[in-house]
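In case you want the letters, here they are:
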Amino acid sequence: MEPVSEESTAVTHPFLDLAPLNAAHFASIEDRVARLLATEQDVVIMQGEALLPLEGAIRATAGPGTTALNVITGPYGQTFGNWLRDCGATVIDLAVPFHTAVTAAQVREAFAAHPEIDFVSLVHAEAATGNTNPVAEIGAAVREHGALFYLDAVASIGAEPVLPDAWGVDLCVIGAQKAMGGPAGVSAVSVSERAWARMAANPAAPRRSYLSLLDWKERWVDGGRKALLHAPAQLEMLALEACVERIEAEGLEAVMARHASAAAATRAGTVALGGGLEPYVHEAADAAPVATTLRTPAGIDASELVAKALASDPVLPLVAGGGALAREMVRVNHYGPDATRGVVQSCLGALGAALAEFGVPVDLEGARRAVTEAWA
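All of these numbers come straight from a predicted model, not from anything done at the bench.

What about unusual backbone geometry?
The backbone of Ala38 sits at a positive phi, close to 50°, despite the residue not being glycine. Checked against the element boundaries, Ala38 lands in the loop between helix H2 (23-37) and strand E1 (42-46). Even without glycine at this site, Arg208 takes up a positive phi of about 50°. As for its position among the elements, Arg208 is in the loop between helix H8 (193-200) and helix H9 (213-221).

Right, here's the structure in full:
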């Protein structure tokens, strides 16, 4: 038997044996993300899912001397309140029903009642509940009050405008895995000079830690972005670059328009479908373009409805709500490559067929027509 050469046993794969991602390439991807956000602030790409900068930014800027207004319009707002309390901050929760959005007037009322507030945390779009908040108006109120403004824009980026500079956002966290149609393993945060100063003055801010934004500031940004802190997540960084390239090629306005059309068509198609299925977020103006949540008819479990709908097409972007909402909410995740008329029609068709299995009368043809007419 002839010996097997090393060359004949080598296995090649496009994901393997890549040239190292150098600092200049890493910095160029940060610059493209900054352009996507239309920001002059420092943008740091962090090597993990968006929970990494979301938690890191709170722990860097909040502490025992912080009084935070934590806006709750869904589960992530609840998470932020837990982190803030864990940091020792005094937390004032402003909670509104998950089927609506918070208003700038409500935020101003909280400031009037608690003038000591110096930190505001807000989720832009809550994909889990399907609502979106008016960040521009809220940002103006926060700016007038002088508080530091922390924004979770993970679900909104790519689906609707995200403008940290224009809105006075000091910490704006984004992730690529939803409307951007990119990877989940990297995320980014834009940081204002005020936020950097707050971190530097916070003795409890993480340092020499994977959570540390100050490490990136001192060793990466202040160093002229010449030397990375550690080996980058190579594949995720390249995927992020590719998804930004795709957005640039299509045009950000066109990408956002697709998401807005998908949301409008889903709401219109749901109403036309009938059968008791209805939009979970009452007002269209409060509904997020990234995903549409639907309330199931009385007596029909959302998880069972979704399971029946996916039996015919398992790849449809349909999920039941999380936690207590699993029995009453269906979410249509029409984001990224799924923000198309065909996907919306397929989702409503599958839900309609599933409702019919429960003996509920539906109008599948009416839903199809409504989707077509509503698509801008």
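Further notes follow.
Focus on the pairing of strand E7 (residues 148-152)
Along E7, five of the five residues are buried, which leaves the element largely enclosed by surrounding structure. Every second residue of E7 is oriented toward a common face, with Leu148, Tyr150 and Asp152 on one face and Phe149 and Leu151 on the other, all of them buried. As paired strands, strand E4 (residues 119-123) and E7 are joined by five bridges and run parallel to one another. Of the residues in E7, the one forming a bridge with Val120 is Phe149. The sheet contact formed by E7 and strand E8 (residues 171-175) spans three bridges and is parallel. Paired with Tyr150 across the two strands is Leu171, which belongs to E8.

Some remarks on the packing of helix H5 (residues 104-113) against helix H6 (residues 135-145)
Packing of H5 against H6 brings their axes to within 8 Å, and their N-to-C directions diverge by 20°. With respect to H6, the axis of H5 lies roughly parallel. Crossing angle aside, the handedness with which H5 passes H6 is right-handed. Residues Ala104, Val107, Arg108 and Phe111 of H5 lie in contact with H6, whose contacting residues are Glu137, Ile138, Ala140, Ala141, Val142, Glu144 and His145. For the contact of H5 with H6, a count of residues per class yields seven nonpolar, one polar and three charged.

Description of helix H13 (residues 341-357)
Over its 17 residues, H13 extends 24 Å from the first C-alpha to the last, a length consistent with the 24 Å expected when each residue adds 1.5 Å. Buried positions along H13 lie against helix H11 (252-273), strand E11 (292-295), helix H12 (302-312), strand E12 (318-320), strand E13 (329-332) and helix H14 (364-374). Gly359 sits one or two residues past H13 and shows a positive phi near 85°.

Considerations on the pattern of salt bridges
On inspection of all chains with the given rule, the structure shows 18 salt bridges. The partner of Asp31 in a salt bridge is Arg225, and the shortest N-O contact between them spans 3.0 Å. In this pair, Asp31 is assigned in helix H2 and Arg225 in the loop between H9 and helix H10 (234-250), connecting sequence segments 194 residues apart. A salt bridge links Arg59 to Glu55; the shortest N-O distance between them is 2.7 Å. Of this pair, Arg59 and Glu55 both sit in helix H3 (residues 51-61), four residues apart, roughly one helical turn. A single network of salt bridges, built from pairs that share partners, joins Arg32, Glu241, Glu245 and Glu248.

Let's talk about the environment of Asp363
Locating Asp363 in the fold gives a position in the loop between H13 and H14. Spatially, the C-alpha atoms of Asp363 and Pro115 are 53 Å apart, while their sequence positions differ by 248 residues. Sequence-distant contacts of Asp363, defined by excluding residues within four places in its chain, comprise Ala272 and Leu273.

Conventions used here
- Residues numbered from 1 in each chain as written.
- Predicted model: local features only at pLDDT ≥ 70, side-chain atom pairs only at ≥ 80, totals over all residues.
- Heavy atoms only, no water.
- Helix = DSSP H or I, 4+ residues; strand = E, 2+ residues; numbered from the N terminus.
- Buried < 20%, exposed > 50% of the residue type's maximum accessible area, 1.4 Å probe, protein only.
- Pairing = 2+ DSSP bridges.
- Axes fitted to C-alpha atoms, helices over the stretch in contact; angles between N-to-C directions.
- Parallel < 35°, antiparallel > 145°, perpendicular 65-115°, else oblique.
- Left-handed = near helix turned anticlockwise from the far one by under 90°.
- Contact = heavy atoms within 4.5 Å.
- Nonpolar A, V, L, I, M, F, W, Y, C, P; charged D, E, K, R; others polar.
- Expected span 1.5 Å × (residues − 1).
- Salt bridge = Lys/Arg side-chain N within 4 Å of Asp/Glu carboxyl O.

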